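Survey of secondary and tertiary structure
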Amino acid sequence: MDLKARHPVREPVTTRPGPVSPNDSIEQNSRFAHRLSGCASMHDQIFAAPIARLGDFCFDEQVVDVFPDMIQRSVPGYSNIISAIGMMAARYAQPQSRLYDLGCSLGAATQAMRRHVTQPGCQITAVDLSHPMIERARAHLSGFKSEVPVELIEADICDIPIENASVVVLNFTLQFVAPEKRAALIARIFDGLRPGGILILSEKFRFDDEQVNELLIDLHLDFKRANGYSELEISQKRTALENVMRTDTLAVHQARLRDAGFTHLDLWFQCFNFGSMIAIKASDTN
């Protein structure tokens, strides 16, 4: 997967203003996450037939077309995480600040934040390296009413300046960043956050305890089987991902966050080997 964009593309999304309820239920958020996809009925069959030469997984047009179905059937608790991102954005967004969705894919986290943010003068910057993802996100986001403007940028998130931020979201994104670049990215996010700002970091984890690690992997595979994936699909996708998605342990994530300067951090959600962390920049940090 190419980790560099030669020419970052910045385009705003403009929509008509409308009322936003801060009390949307998880069910409501799940429904708009599916609506946001615009193709929720498209079934993921990318790896259903044998592929003679498997390449590395990439977020191309084929993946974008089935992404909502893929993510719901592959990532346990995804809708709950999206819903909570909106709730935390409502709590932590500060007036006249930026909210970042780094690795925004189709814009589900971006839209969750838009629906909940009520502080004046906020703007969301949504970044993704995949051109098809950005184009589809632009089309979907333009169909929702909001007073919160969104700037969509097609670029490598490692090249994006983080400035005047109150909320930063990395929703299953850091695992696709080259391991040697992760510490610098987290440090840059910390530096760009306002005091009292929050980083929401969702990832697939691996575990040091081999027995626990194998159990949680097996439970996740059972989850995928229960959602209709065949053994062939599971095997081929795992092979396609092995060179582009490199997971860390929870301890590695925590150490990286502390090294960057975060002092308030913890795991707030976990299902099998998937989870989400929060890291809050101390209010008295200069």
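Residues numbered from 1 in each chain as written. Predicted model: local features only at pLDDT ≥ 70, side-chain atom pairs only at ≥ 80, totals over all residues. Heavy atoms only, no water.

**Brief notes about the overall build of the protein chain**
- Within the protein chain one finds 9 helices and 9 strands.
- Looking at the protein chain as a whole, 53% of its 286 residues qualify as buried.
- Long-range pairs, those at least 24 residues apart, make up 82% of the contacts in the protein chain with a sequence separation of at least 6.
- When the accessible surface of the protein chain is totalled, it reaches about 12,900 Å², and 51% of it is carbon and sulfur. (Helix = DSSP H or I, 4+ residues; strand = E, 2+ residues; numbered from the N terminus. Buried < 20%, exposed > 50% of the residue type's maximum accessible area, 1.4 Å probe, protein only. Contact = heavy atoms within 4.5 Å. Areas by Shrake-Rupley, 256 points an atom, 1.4 Å probe, with all protein chains shown as cover.)

**A word on the packing of aromatic side chains**
- For the structure on display, the rule yields 8 aromatic pairs.
- With a centroid separation of 5.2 Å and 85° between ring planes, the pair formed by F57 and F59 is classed as edge-to-face.
- Grouping aromatic residues by their ring pairs yields a cluster made of F57, F59, F67 and F176.
- Here K224 stacks its cationic end above the ring of Y229, 5.5 Å away from the centre of that ring.
- Positioned over the ring face of F190 is K281, at 4.5 Å from the centre of the ring. (Phe/Tyr/Trp six-rings, centres within 6.5 Å; stacked < 30°, edge-to-face > 60°. Lys NZ or Arg CZ within 6 Å of the ring centre and 35° of its normal.)

**Some remarks on empty space enclosed by the protein**
- Under the defined criterion, the tally for this structure stands at 2 cavities of 30 Å³ or more.
- Reported here for the second largest cavity is a volume of approximately 50 Å³.
- Every residue along the wall of the second largest cavity is listed here: D44, F47, K224, Y229, E233, I234 and K237.
- Of the residues forming the lining of the second largest cavity, the biggest block, 3 residues, is contributed by helix α8 (residues 231-241).
- Among the residues forming the lining of the second largest cavity, the class breakdown is 3 nonpolar, no polar and 4 charged. (1 Å grid on protein atoms, 1.4 Å probe; cavity = no way out; pocket = protein on both sides within 12 Å on 5 of 7 lines; lining within 4 Å. Points joined across faces, edges and corners; volume = space filled by probe spheres on them. Nonpolar A, V, L, I, M, F, W, Y, C, P; charged D, E, K, R; others polar.)

**Some points on the nonpolar core**
- Counting residues in each nonpolar core, the largest one holds 52 residues, and the members touching the most others are F57, I85, L99, M113 and L152.
- For this core, the element with the most residues is helix α3 (residues 78-92), which contributes 7 residues.
- Core analysis: the next-biggest nonpolar cluster, separate from the first, contains 30 residues, I153, I160, L174 and M277 among them. (Core = buried A, V, L, I, M, F, W, Y, C linked by side-chain atoms within 4.5 Å.)

**Concerning the side chain of T249**
- If you trace the backbone, T249 turns up in strand β7 (residues 248-249).
- The class of T249 is buried, set by a relative accessible area of 5%.
- Here V252 takes part through its backbone nitrogen, which lies 3.1 Å from a polar atom of the side chain of T249.
- Filtering out sequence-adjacent residues up to four positions away, T249 remains in contact with R206, F207 and D208. (Polar contact = N/O pair within 3.5 Å; in protein donor to acceptor, adjacent residues only side chain to side chain.)

**Some remarks on a negative patch on the surface**
- A cluster of acidic residues, D208, D209, E210, E214 and D218, forms a negative patch at the surface.
- Positionally, D209 belongs in the loop between β6 (193-206) and α7 (210-226).
- What makes D209 partly exposed here is its relative accessible area of 44%. (Patch = residues over 30% accessible without salt bridge, like charges linked within 9 Å, V, L, I, M, F, W, Y side chains within 5 Å. Salt bridge = Lys/Arg side-chain N within 4 Å of Asp/Glu carboxyl O. Lys, Arg positive; Asp, Glu negative; His and termini not counted. Charge placed at Lys NZ, Arg CZ, Asp CG, Glu CD.)

**Quick look at the packing of α7 against α8**
- Put simply, α7 and α8 touch, their axes get as near as 10 Å, and they point 125° apart. Between α7 and α8, the angle is such that the two are oblique. Viewed along their axes, α7 and α8 form a crossing whose handedness is right-handed. The segment α7 lies against α8, with L221, K224 and R225 engaging E231, I234, K237 and R238. (Axes fitted to C-alpha atoms, helices over the stretch in contact; angles between N-to-C directions. Parallel < 35°, antiparallel > 145°, perpendicular 65-115°, else oblique. Left-handed = near helix turned anticlockwise from the far one by under 90°.)

**What about the confidence of the model for the protein chain?**
- Averaged over all residues, the pLDDT of the protein chain equals 88, while 85% of them reach at least 70.
- In the predicted structure, residues 36-41 sits below a pLDDT of 50 and forms 17 contacts with residues beyond four places in sequence or in another chain. (pLDDT = per-residue confidence, 0-100.)

**Structural notes on the pairing of strand β4 (residues 150-154)**
- Most of β4 is tucked away: 5 of the 5 residues are buried.
- Of the two faces of β4, the one holding V150, L152 and E154 and the one holding E151 and I153 are both buried throughout.
- Note: strand β3 (residues 123-128) against β4, 5 bridges, orientation parallel. Bridge assignment links T125 to a residue of β4, and that residue is E151. (Pairing = 2+ DSSP bridges.)

**Looking at the pairing of strand β2 (residues 98-102)**
- Burial runs high along β2: 4 of the 5 residues are buried.
- Where β2 meets β3, 5 bridges bridge the pair, whose relative direction is parallel. Residue pairing across strands places L102 opposite V127, the latter belonging to β3.
- Bridging between β2 and strand β5 (residues 165-171) involves 4 bridges; their strand directions are parallel. When the sheet's bridge partners are listed, R98 is paired in β5 with A165.

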